[in-house]
Amino acid sequence: MSGINVIEKERTLIVNPLKTCQPLGAMYAVMGVHHGLPMVHGSQGCSTFVRYNFARHFREPAEIAVSSLHEDAAVFGGRKNINAGIKNLALRFKPDLIGAITTCSSEIIGDDVFGFVDTTKKELKEMSQEVKGLDKIEVIPIPTPSFVGNHFTGYDIGVKSLVDALAEPGEPTEKVNLIPGMVNPGDIREIKHILALLGIEGLLLTDTSDPFDSPLRPSVTPTEPYFPKGGTSVDEIRDSANSQGTIALCKYAGSGANSLEKKYDVPAIIESPPIGLQNTDQFLRNLKKLTDCEIPDSILDERGMLVDLIADNAARYLFDRKVAIYGDPDMTTGMARFVGELGMEPTMVCTGANSKTFAPDMEKISKETGCDIDVLFEQDMRSFEVYVKENPVDLMIGPSDGRLLAQNLGIPLIRVGFPVYDRIGYHRHPIVGYNGAARLMELITNSVLEKYYEPSHWKLQQ
Amino acid sequence: MPYKLFDVDEDIPERKKHTYVKHCSDPEDCMPSCNTKTVPGSMSERGCAFAGAKGVITGALKDVVHVVHSPVGCTYYAGGTKRYPTSPDMPDGSKFPIENFNLKYVCGTDLMESDVVFGGMKKLRQSLIDAAQEFPEATAIYSYATCTTGLIGDDMDAVAKELTAELGKDVVAFNAPGFAGPSQSKGHHIANHTIFDRLVGTQEPPSTTPYDIGLIGEYNIDGDLWILESYFKEMGLRILSRFSGDSTHNEICFMHRAKLNLVRCQRSATYIADLIKEKYDVPYINVDFFSTEYCAENLRTIGKYFGREKEAEKVIGDRMAKVAPELEIYKEKLQGKKVYIFSGGPKSWHLATPLEKELGMDVTAVASQFEHEDGYVKMKKRVKEGALIVDDPNSMELEEMISKDRPDLILAGIKEKYMAHKLGVPTIMIHSYENGPYIGFEGFLNLAKDMYSYIYNPIWSMLEFEENPAGSEEDEGLTESLETPNQVEMGK
């Protein structure tokens, strides 16, 4: 009887964290709003580090402002800073929306960001007599201290804050709200592609695909100030109260969906991300449940192509290979289920963050795959390293943070998740949906071929 | 008036005094206002004091385990430092068991809400003990305050002192919380003083020679240090202590025994050179190894100091013979190209003159995120009439400059790089480099090569779709006059 063995961190020290702070997630959510700007209420590092991380992962600009808290604010409070910061942003950038994101420092000094934002909004209204449009700028407080939660709880709070502040009941629409989670532009585009095949109009909360993968076209790229194309408009977010339903494509980001259900009776479905065959099937069933749409042949053909790919190759090249997976809880459970579908064994899964659904999900996958799974829960990259050294695996799956370990141990690393900074293009291609699964299958199989078949080249002879 | 208000700064007129246009007739003290707090919401490129301490000064040491006393975010970000490679070689001839230890591991206390309420001292203590256990090979443990610990008031020095005795290795606390000072520069300052107060003079080197130099403010970005090291070795000089690229904890402790200190990054590390001079009477000279001319000039000065003029000339001659012919080729191509240098600290003044004099480029704007007055004095000296000097630039200003002035190339950081690309201007990372090292003779050639490959990348001439490209009717396919890097002799 297969099962999971949960291994928790024994030391107090955290070594090479597998999670980061709430503000990063909130900034990510705000970056998915059309002409939306995150404004971090904290020290300068709070914006700089996140900009650096986004820039190296997406190779795109990430315009994130900061209220520049210093010693005086630590003593007297940061009201002046956030007030001036929002007004400067409003006057100079004229964005549609500003997310006022709190940090450790602003939370500890006890700044009442909600109150400050209210005051600032009043001032913007007064100023709008001289500068038109300032009163139209939405300013949304988002409370995200880093000593609580992690980057994806910050994303969850970000999406919920946007929805709570903006959603307005009106005429019911045929739209479906989707909370994509902290995924890549390629994933969001794949989700849109699936919706298009099903004839469903989606409303993404929020859509980071174009802002984080934007064309280089100097003649049309709006300058002064630079805003990337795309993102979900403020009006669309308002309209989210009138959709047929909301699907959160990750179990950690369902608060916005729950909130819409509670306030406006928009049914909420909170599921694992559609990584792999069965999870994508489930996504289609969920969409059908909400909209009663037909499942057209076109998408079943895409599914069939994936099935064909797996049928042709998995048994020969992948069967029985051991895989260690690390990263965000939802990504890792998705990946574990998928490698199980390929006939591989997810022998170890490591996640840095707390998630209630993680262990039950892994339990389920263990039963499905018949594989005993060691679950490193709320652990770090160091625990992963120590484990893998003692319990060798054939493949590693996770973000770039494992690259040096993979190199040392000579284990192929399939780069998935955030951040991936030592390869290019990974944010542009999906890991979700049937197409994403096909691409993952190719990446995994080709890595196996290179590592385990090429050394004895005759094995590659057909 | 020598100051300039950008159009985009209409609503934050205080920015005017941070933007100076050089006029040769201006009095010397006329320069941009600096080292003041950033205007909130102005999308500055600055980092925090914690970034200055861990990210710049101490993160380059090869045998120290770093424990960030913070909620998870600061620890996570402290892992993504610049490219500071380290070798396993230790001063006593032994090998450190983990190569690039500094790039591989970063530790933290992962503070939670309850720690914020009840204090994080217990957690810090246990974490430091854990760190000693997890990495027994580490020579010392450095621990860092962040905004959170600064605000809850944990007495990190007390814990560090206690554990130094208990663990039998140095445990040092760096009290540079993110909100300290206007920029990362404050973190450099605090780290220099902490290291001097706590470590310098606490050990004696295994051996000394009359030719021992201390190299201060050299962080081995992309291997910079290793280039300089080869020059000194050939000149018969020994680097006794490095501060802090590829350095060790012990080297820092005996850095007071150098015969002469050379200060490379004069923004981040002059502090410690001054302190050592004052207390231990070790003289220092400011050095400049960017570009071939500065490099030669400085090697001669150092050679003269130690009576090694001949050896210095040999190093210069050997290197010039290697790089000069290729540099000539790039000079021809880079001639007249308009370039901005938007560095963090001093590279703006290091590189301005060499790019103009040695490569014929046109430096029309320089900037720094955290420079102080002494740096701007040098910057002002080294740029030509009419050049713009911007203190703590923000992204809208850069956009305005790009759209009005259309530079051919920008040297800046990763945060500016991709936006400049969207506006059609190639950008080279000057903080961590692209394909460095950029220091010394070979490094200057690398920089020239990178500048050439960016400016002449064929893509910049194909940014827009053209329905009727010029000459499309006469020539089908590729025209011969099309100049691509592939057609240029690379001189190899």
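Preceding this section is the structure that the text describes.
**Student:** Lay out the overall build of chain B in plain terms, naming residues and giving numbers.
**Tutor:** Each helix and strand counted, chain B has 18 helices and 14 strands in total. Relative to the globule expectation of 23 Å for 492 residues, the C-alpha radius of gyration of chain B, 24 Å, shows essentially globular dimensions. With the principal axes as the frame, chain B shows a C-alpha extent of 80 × 60 × 50 Å. A burial count over chain B gives 64% of its 492 residues as buried. Intrachain contacts of chain B at a sequence separation of at least 6 include 73% that bridge at least 24 residues. Accessible area for chain B stands at about 18100 Å²; split by element, carbon and sulfur atoms hold 51% of it. Across chain B, the 54 positively charged side chains and the 76 negatively charged ones have centroids separated by 6 Å.

**Student:** Lay out the sheet that holds strand 3 (residues 107-108) of chain B with the relevant residues and their values.
**Tutor:** Read across the open sheet, the five strands follow the order 2(A)-3(B)-2(B)-4(B)-5(B); overall the sheet is mixed. One side of each edge strand has no neighbouring strand; the edge strands of this open sheet are strand 2 (14-15) of chain A together with strand 5 (171-174) of chain B. Alignment of strand 2 of chain A against strand 3 of chain B, held across two bridges, turns out to be antiparallel. The partner of Val15(A) across the bridge, within strand 3 of chain B, is Cys107(B).

**Student:** Account for unusual backbone geometry, with residues named and values stated.
**Tutor:** With an omega dihedral of 0°, the bond running from Phe418(A) to Pro419(A) counts as a cis peptide bond. For the bond running from Phe243(B) to Ser244(B), omega is 5°, close enough to zero to count as cis. On the secondary structure map, Ser244(B) appears in strand 7 (residues 238-244). Even without being a glycine, Ser291(B) presents a positive backbone phi close to 85°. Among the secondary structure elements, Ser291(B) is positioned in the loop between strand 9 (284-286) and helix 12 (292-305).

**Student:** Please provide a residue-by-residue account of the environment of Arg238(A), values included.
**Tutor:** Residue and element names in this part refer to chain A. Turning to its location among the elements, Arg238 is positioned in helix 9 (residues 234-239). Sequence separation of Arg238 and Glu168 is 70 residues, and the distance between their C-alpha atoms is 5.2 Å. Aside from chain neighbours lying at most four places away, what touches Arg238 is Glu138, Leu166, Ala167 and Glu168. A polar side-chain atom of Arg238 sits 2.4 Å from a polar atom in the side chain of Glu138.

**Student:** Give a detailed account of the interface of chain B and chain A, specifying residues and quantitative values.
**Tutor:** Between chain B and chain A, the residue contacts involve 73 residues of the former and 71 residues of the latter. Roughly 6300 Å² is buried in total at the junction of chain B and chain A, and carbon and sulfur atoms are behind 62% of that figure. At the boundary of chain B and chain A, one finds seven salt bridges. Between Glu134(B) and Arg11(A) there is a salt bridge whose closest N-O contact spans 3.4 Å. The interface formed by chain B and chain A holds 33 residue pairs in polar contact (both at pLDDT 80 or more) in total. Considered class by class, the residues forming the side of chain B that touches chain A number 35 nonpolar, 21 polar and 17 charged.

**Student:** Quick one: what's the story with the environment of Phe289(B), residue by residue and with numbers?
**Tutor:** All names here are of chain B. By secondary structure assignment, the location of Phe289 is in the loop between strand 9 and helix 12. Residue classification places Phe289 among the buried positions, given a relative accessible area of 0%. Spatially, the C-alpha atoms of Phe289 and Gly471 are 46 Å apart, while their sequence positions differ by 182 residues. Not counting residues within four places of it along the chain, the set of residues in contact with Phe289 comprises Leu228, Phe232, Arg264, Cys295, Asn298, Leu299, Ile302, Ile439 and Gly440.

**Student:** Break down the packing of aromatic side chains for me, citing the residues and quoting the values.
**Tutor:** With the rule as written, the count across this model stands at 35 aromatic pairs over all chains. Here the aromatic rings of Tyr28(A) and Tyr155(A) are separated by 6.1 Å at their centres, their planes lie at 50°, and the arrangement is tilted. Of the two residues, Tyr28(A) is situated in helix 1 (residues 22-31) and Tyr155(A) in helix 7 (residues 151-166); the sequence distance between them amounts to 127 residues. The class of Tyr155(A) is buried, set by a relative accessible area of 1%. Grouped by ring-pair contacts, the aromatic residues Phe49(A), Phe50(B), Tyr76(B), Tyr77(B), Tyr142(B), Tyr144(B) and Phe174(B) constitute a single cluster. Here the guanidinium or amino end of Arg321(A) rests over the ring plane of Tyr452(A), the centre of that ring lying 4.4 Å away. The ring of Tyr426(A) carries the charged tip of Arg439(A) above its face, separated from the ring centre by 5.4 Å.

**Student:** Give a description of helix 14 (residues 347-357) of chain B that names residues and reports values.
**Tutor:** The buried fraction of helix 14 of chain B amounts to nine of the 11 residues, a majority that puts the element mostly inside the structure. Listed as buried for helix 14 of chain B are Lys347(B), Ser348(B), Trp349(B), His350(B), Leu351(B), Ala352(B), Thr353(B), Pro354(B) and Leu355(B).

**Student:** How would you summarise the pairing of strand 14 (residues 395-398) of chain A if you had to cite specific residues and measurements?
**Tutor:** Residue and element names in this part refer to chain A. What you see with strand 14 is no split at all: Leu395 and Ile397 on one side and Met396 and Gly398 on the other are buried throughout. In this sheet, strand 14 lies alongside strand 11 (residues 322-327) in parallel orientation, the contact comprising three bridges. Across the sheet, the residue bridging to Val323 is Leu395, located in strand 14. Examined bridge by bridge, strand 14 and strand 15 (residues 413-415) share three bridges and lie parallel to one another.

**Student:** With reference to specific residues and values, describe the side chain of Lys104(B).
**Tutor:** Mapped onto the elements, Lys104(B) comes out in helix 3 (residues 101-104). Buried and without a salt bridge, Lys104(B) has Glu99(B) as its closest oppositely charged side chain, separated by 6.3 Å. Polar side-chain contacts of Lys104(B) include one of 3.0 Å to the backbone oxygen of Glu99(B). Look past the residues within four positions of Lys104(B) in its chain and what remains in contact with it is Asn16(A), Leu404(A), Asn408(A), Ile98(B) and Glu99(B).

**Student:** So, the pattern of salt bridges: which residues are in play, and what are the values?
**Tutor:** Taken as a whole and assessed by the stated rule, the structure comprises 59 salt bridges over all chains. Notably, a salt bridge pairs Arg264(B) with Glu218(B), separated by 2.7 Å at the nearest N-O pair. Here Glu218(B) lies in strand 6 (residues 212-218) and Arg264(B) lies in the loop between strand 8 (260-263) and helix 11 (270-280), a separation of 46 residues in the sequence. With relative accessibility at 0%, the residue Glu218(B) sits in the buried group. Each of Arg11(A), Asp380(A), Arg382(A), Glu385(A), Lys389(A) and Glu134(B) takes part in a single network of salt bridges with overlapping partners.

**Student:** Account for the sheet that holds strand 9 of chain B, naming residues and giving values.
**Tutor:** Hydrogen bonding along the main chain pairs the strands of a sheet, whether they run parallel or antiparallel. All names here are of chain B. Pairing in this open sheet of four strands is parallel, and the strands run 7-6-8-9 from one edge to the other. Every other strand in the sheet has two partners, leaving strand 7 and strand 9 as the edge strands with one partner each. Neighbouring strand axes in the sheet, compared pairwise and without regard to direction, differ in orientation by 20° on average. Two strands pair when backbone bridges link them, and strand 6 and strand 8 are joined in this way by four bridges, in the parallel orientation. Looking at strand 8, one finds that Ile213 is bridged to Leu260. In the packing of helix 11 onto the sheet, contacts are made with strand 6, strand 7, strand 8 and strand 9, and the angle to strand 9 comes to roughly 155°.

**Student:** Please provide a residue-by-residue account of the nonpolar core, values included.
**Tutor:** Residues Phe54(A), Phe232(B), Phe243(B), Leu299(B), Leu355(B), Leu411(B) and Met451(B) are the most contacted members of the largest nonpolar core, which totals 152 residues. Ranked by residues supplied to this core, first place goes to helix 18 (residues 440-455) of chain B with nine residues. Ignoring any residue separated from it by four or fewer positions in sequence, one finds Phe232(B) in contact with Ile213(B), Leu215(B), Leu237(B), Ile239(B), Leu262(B), Phe289(B), Leu299(B) and Ile302(B).

**Student:** Describe the side chain of His41(A), listing the residues and the values that go with them.
**Tutor:** Residues and elements named next belong to chain A. As for its position among the elements, His41 is in strand 3 (residues 36-41). Looking at His41, its side chain comes within polar contact range of the side chain of Ser67, at 2.7 Å. Leave out the neighbours within four places in its chain, and His41 touches Ser67, Leu69, Gly78, Asn81, Ile82, Ile101, Thr102, Thr103, Ser106, Asp111 and Val113.

Calculation rules
- Residues numbered from 1 in each chain as written.
- Chains lettered and ligands numbered in written order.
- Predicted model: local features only at pLDDT ≥ 70, side-chain atom pairs only at ≥ 80, totals over all residues.
- Heavy atoms only, no water.
- Helix = DSSP H or I, 4+ residues; strand = E, 2+ residues; numbered from the N terminus.
- Rg over C-alpha atoms; globule rule 2.2 N^0.38 Å.
- Buried < 20%, exposed > 50% of the residue type's maximum accessible area, 1.4 Å probe, protein only.
- Contact = heavy atoms within 4.5 Å.
- Areas by Shrake-Rupley, 256 points an atom, 1.4 Å probe, with all protein chains shown as cover.
- Lys, Arg positive; Asp, Glu negative; His and termini not counted.
- Charge placed at Lys NZ, Arg CZ, Asp CG, Glu CD.
- Pairing = 2+ DSSP bridges.
- Polar contact = N/O pair within 3.5 Å; in protein donor to acceptor, adjacent residues only side chain to side chain.
- Buried area = accessible area lost by both parts, 1.4 Å probe.
- Salt bridge = Lys/Arg side-chain N within 4 Å of Asp/Glu carboxyl O.
- Nonpolar A, V, L, I, M, F, W, Y, C, P; charged D, E, K, R; others polar.
- Phe/Tyr/Trp six-rings, centres within 6.5 Å; stacked < 30°, edge-to-face > 60°.
- Lys NZ or Arg CZ within 6 Å of the ring centre and 35° of its normal.
- Axes fitted to C-alpha atoms, helices over the stretch in contact; angles between N-to-C directions.
- Core = buried A, V, L, I, M, F, W, Y, C linked by side-chain atoms within 4.5 Å.

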